[in-house]
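Observations on the three-dimensional arrangement
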Amino acid sequence: ESIKKKLMAIGIEDKKSDVRDAALNALDEHFTGDDLIVYFKNAIHDSAYSVVETAIQALSNRDKAGTMLIASQLEGDQHARIQNILSGLYSKSGSDAQFDYMKKILMMSTGFAAYVQIQNYGKFLKNCKNHSNINEGIKAIYDVSKQNDEWITRLAAVQTLVDVANYSDSQAKLAMKASDPLTEN
């Protein structure tokens, strides 16, 4: 317990952001307790984006609903790093509720950021249930790929479209199998 308290102090007080970040990572990986939920919520306000990202990831491991609420409050932040952090979170835990934000970030992205956003957006679409959102999302990936001059971004778009198509196909087969009375469940 004394190690946990020392790490918590380092995660707040150390002058170097990489040390604070490492302390948060260690706390996330090796310790439990409700006190960490409050701690990680406070760490989200750190001045270093690496610490903010680690705090959001650690909090999402403990309190998904709380993390999603905090993330929604950060959606107005225009800094690319915050947008990438939220995009990464939503690619893992998002739903149709974050569709407009994710599409906006995808459409605004350029250069290498577009490459990352396309990949996150494809993962995010797999979490969506609303068919019109999924269709609109697929079109958005296609549009971004057509407008982007970077070959790597266009390649990422094609790979993401194939991945989403394969996922949709497997989900359709599971749904058909589940509704087929001749198939044992």
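Just so we're clear, the structure is a prediction, and the values are computed from it rather than from any experiment.

As for the overall build of the chain
For the chain, the helix and strand inventory stands at 10 helices and zero strands. Along the chain, helices (α) and strands (β) appear in the sequence α-α-α-α-α-α-α-α-α-α when read from the amino end. Taken along its principal axes, the extent of the C-alpha atoms in the chain is 60 × 50 × 25 Å. Looking at the chain as a whole, 38% of its 185 residues qualify as buried. In the chain, 56% of the contacts between residues at least 6 apart in sequence involve partners at least 24 apart. If you sum the accessible surface of the chain, you get close to 10,700 Å²; carbon and sulfur atoms cover 54% of it. Positive and negative charge centroids in the chain, built from 21 and 24 side chains respectively, lie 2 Å apart.

Quick notes on the pattern of salt bridges
Under the defined criterion, the tally for this structure stands at nine salt bridges. A salt bridge links glutamate 136 to lysine 103; the nearest nitrogen and oxygen atoms lie 2.6 Å apart. Residue glutamate 136 is found in helix H9 (residues 131-147), and its partner lysine 103 is found in helix H7 (residues 99-108); the two are separated by 33 residues along the sequence. The partly exposed category is assigned to glutamate 136, whose relative accessible area is 34%. Residue classification places lysine 103 among the partly exposed positions, given a relative accessible area of 24%. One salt bridge connects lysine 173 with aspartate 169, and the closest N-O pair in it is separated by 3.2 Å. One end of the pair, lysine 173, and the other, aspartate 169, are both in helix H10 (residues 151-179), four residues apart, so they sit about a helical turn from each other. On the basis of relative accessibility, which here comes to 38%, the residue aspartate 169 falls in the partly exposed class.

Comments concerning the nonpolar core
Counting residues in hydrophobic clusters, the biggest one holds 43 residues, and the most contacted among them are Phe40, Tyr90, Tyr121 and Phe124. For this core, the element with the highest residue contribution is helix H4 (residues 49-62), accounting for six residues. Other than its neighbours up to four places away in sequence, phenylalanine 40 contacts Leu24, Leu27, Asp28, Ala55, Ala58, Leu59 and Arg62.

Details of a nonpolar patch on the surface
There is a patch of nonpolar side chains on the surface, built from Trp151, Ile152 and Leu155 and spanning about 300 Å² of accessible area. As for its position among the elements, leucine 155 is in helix H10. Residue classification places leucine 155 among the partly exposed residues on the basis of a relative accessible area of 36%.

Remarks on the packing of aromatic side chains
Scanning the entire structure with this criterion turns up five aromatic pairs. Their ring planes at 70 degrees and their centres at 5.7 Å tell us that tyrosine 39 and phenylalanine 40 sit as a pair that is edge-to-face. Phenylalanine 40 sits in the buried class, given a relative accessible area of 0%. Geometrically, the ring pair formed by tyrosine 90 and tyrosine 101 is edge-to-face, given 5.8 Å between the ring centres and 90 degrees between the ring planes. In this pair, tyrosine 90 is assigned in helix H6 (residues 80-93) and tyrosine 101 in helix H7, connecting sequence segments 11 residues apart.

Parameters and conventions
- Residues numbered from 1 in each chain as written.
- Predicted model: local features only at pLDDT ≥ 70, side-chain atom pairs only at ≥ 80, totals over all residues.
- Heavy atoms only, no water.
- Helix = DSSP H or I, 4+ residues; strand = E, 2+ residues; numbered from the N terminus.
- Buried < 20%, exposed > 50% of the residue type's maximum accessible area, 1.4 Å probe, protein only.
- Contact = heavy atoms within 4.5 Å.
- Areas by Shrake-Rupley, 256 points an atom, 1.4 Å probe, with all protein chains shown as cover.
- Lys, Arg positive; Asp, Glu negative; His and termini not counted.
- Charge placed at Lys NZ, Arg CZ, Asp CG, Glu CD.
- Salt bridge = Lys/Arg side-chain N within 4 Å of Asp/Glu carboxyl O.
- Core = buried A, V, L, I, M, F, W, Y, C linked by side-chain atoms within 4.5 Å.
- Patch = residues over 30% accessible without salt bridge, like charges linked within 9 Å, V, L, I, M, F, W, Y side chains within 5 Å.
- Phe/Tyr/Trp six-rings, centres within 6.5 Å; stacked < 30°, edge-to-face > 60°.

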